[in-house]
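Remarks on the overall topology
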Amino acid sequence: MTKEDVTYIDKLNELRLEIYHPNNDGIVFVLVEGETDVRLYRKLIDSQTCNVDCVPGGNPKLEECVGELIKIYPLVIGVRDADFLHLDSSQYVVPNMFLTDEHDMEMILIKDDEVWQSIMSEYGPKNNSEIGLTRNKIMLLLEVISLLKWLNWRESLALTFRGVGFSGCLDVKNWAIDFPQFFDRTVAKSPDTPIKFLTDVQGKLDALRDLGPSPFQLVNGHDFLKVLAEYFKITGGTTAINDELIASALRIAYRPNLFTGTMLYAQILDWQMRHGVTILAA
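Only a predicted model underlies this, so the values are computations on that prediction, with no experimental measurement involved.

Considering the packing of aromatic side chains
If you walk through the whole model with that rule in mind, you get 11 aromatic pairs. Measuring from centroid to centroid gives 6.0 Å for Phe-29 and Tyr-73, while their planes differ by 85°, and the two rings are edge-to-face. Taken together, the residues Phe-29 in strand 1 (residues 28-32) and Tyr-73 in the loop between helix 3 (58-69) and strand 3 (76-80) connect sequence positions 44 residues apart. For Phe-29, a relative accessible area of 0% corresponds to the buried category. We classify Tyr-73 as buried; its relative accessible area is 9%. An angle of 90° between the planes, with centres 5.6 Å apart, marks the rings of Phe-259 and Tyr-265 as edge-to-face. For Phe-259, a relative accessible area of 1% corresponds to the buried category.

Structure representation (structure tokens):
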């Protein structure tokens, strides 16, 4: 069985068996969303005292899994992407679950100036005097798409973004976007949405923009990396680059000491102190 074939129930049963194994008594199980998250958190988590693993099925299944496991073993926590939760006024209170400070872990890495400088120096144009501005330009470019995704999340509009892509919609060279085209392609892939025309949502998108959301909490990190890859292809003189390669480079550049400045670190630190365990890497 490959990792892709593992179902949520398979993983839940596997974790139950691991918890019951006597060698794992006192071990903290840290559960995340995907394999790439596992690679990052293994750098940040004490490998001697913790077991980092991912749960298939996205955030709902991750939360469900943690909820099921803490019924039989208290030392289980989950870390999920915040998505748009920080932009909502309601508090997120799910036992033993923690949120990333920004939209997702990728945006935490992108926000860190040291990591950003490292990536731009490696893949960006030579003698680039706009390293910081490039990050802002990408987020501005993606703002309206991100607002649409936020609106979809807030109002359950049943818009499907998977497989839509940015091809033909984004002009990174001129920092331009054909949002009407992106919108029409999204609606075409969303048979259950009540939204059919851009005029149906334009006023709501403008209202969300007026709220002044933090771009790091608004923009999806995967979207950002796709645009960044296109930027590097144009300006860095290499076509052998994609969002997955950049994501890997971000994880490599991110060091445990940078993690200590996040709210996520502070919350996990508080949890480990209250439970008398060690989770975070020294």
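There is more to say, and it comes next.
Observations concerning the sheet that holds strand 3
With parallel pairing, the 4 strands of this open sheet are ordered in space as 2-1-3-4. A strand with exactly one partner marks an edge of an open sheet, and here the two such strands are strand 2 (50-54) and strand 4 (97-99). Going from strand to strand, the sheet's axes swing by 25° on average, the running direction of each strand aside. Contacts from helix 13 (residues 263-275) reach strand 1, strand 3 and strand 4 within the one sheet, and its direction differs from that of strand 4 by about 160°.

A look at the pattern of salt bridges
As enumerated under the stated definition, the model contains 17 salt bridges in all. Put simply, Arg-255 and Glu-114 hold a salt bridge, and the shortest N to O gap is 2.2 Å. On the criterion of sequence distance, the pair formed by Arg-255 in the loop between helix 11 (243-253) and helix 12 (256-259) and Glu-114 in helix 5 (residues 113-123) is long-range, its members being 141 residues apart. Note on Arg-255: relative accessible area 35%, which makes it partly exposed. Residue classification places Glu-114 among the partly exposed residues on the basis of a relative accessible area of 40%.

A closer look at unusual backbone geometry
The backbone of Asp-83 shows a phi angle near 55°, a positive value even though the residue is not glycine. Assignment of secondary structure puts Asp-83 in the loop between strand 3 and strand 4.

What to know about the side chain of Asn-24
Topologically, Asn-24 is positioned in the loop between helix 1 (8-20) and strand 1. From its side chain, Asn-24 meets the backbone oxygen of Glu-18 in a polar contact 2.7 Å long.

Focus: the pairing of strand 3
Most of strand 3 sits out of view: 5 of its 5 residues are buried. As judged from the 3 bridges shared by strand 1 and strand 3, these two strands associate in the parallel manner. Its bridge partner being in strand 3, Phe-29 is matched across the sheet by Val-76. Note that strand 3 and strand 4 share 3 bridges and pair parallel. Pairing of Val-79 across the sheet is with Phe-98, part of strand 4.

Criteria and thresholds
Residues numbered from 1 in each chain as written. Predicted model: local features only at pLDDT ≥ 70, side-chain atom pairs only at ≥ 80, totals over all residues. Heavy atoms only, no water. Phe/Tyr/Trp six-rings, centres within 6.5 Å; stacked < 30°, edge-to-face > 60°. Helix = DSSP H or I, 4+ residues; strand = E, 2+ residues; numbered from the N terminus. Buried < 20%, exposed > 50% of the residue type's maximum accessible area, 1.4 Å probe, protein only. Pairing = 2+ DSSP bridges. Axes fitted to C-alpha atoms, helices over the stretch in contact; angles between N-to-C directions. Contact = heavy atoms within 4.5 Å. Salt bridge = Lys/Arg side-chain N within 4 Å of Asp/Glu carboxyl O. Polar contact = N/O pair within 3.5 Å; in protein donor to acceptor, adjacent residues only side chain to side chain.

Geometric descriptors of this kind do not, in isolation, establish any biological role.
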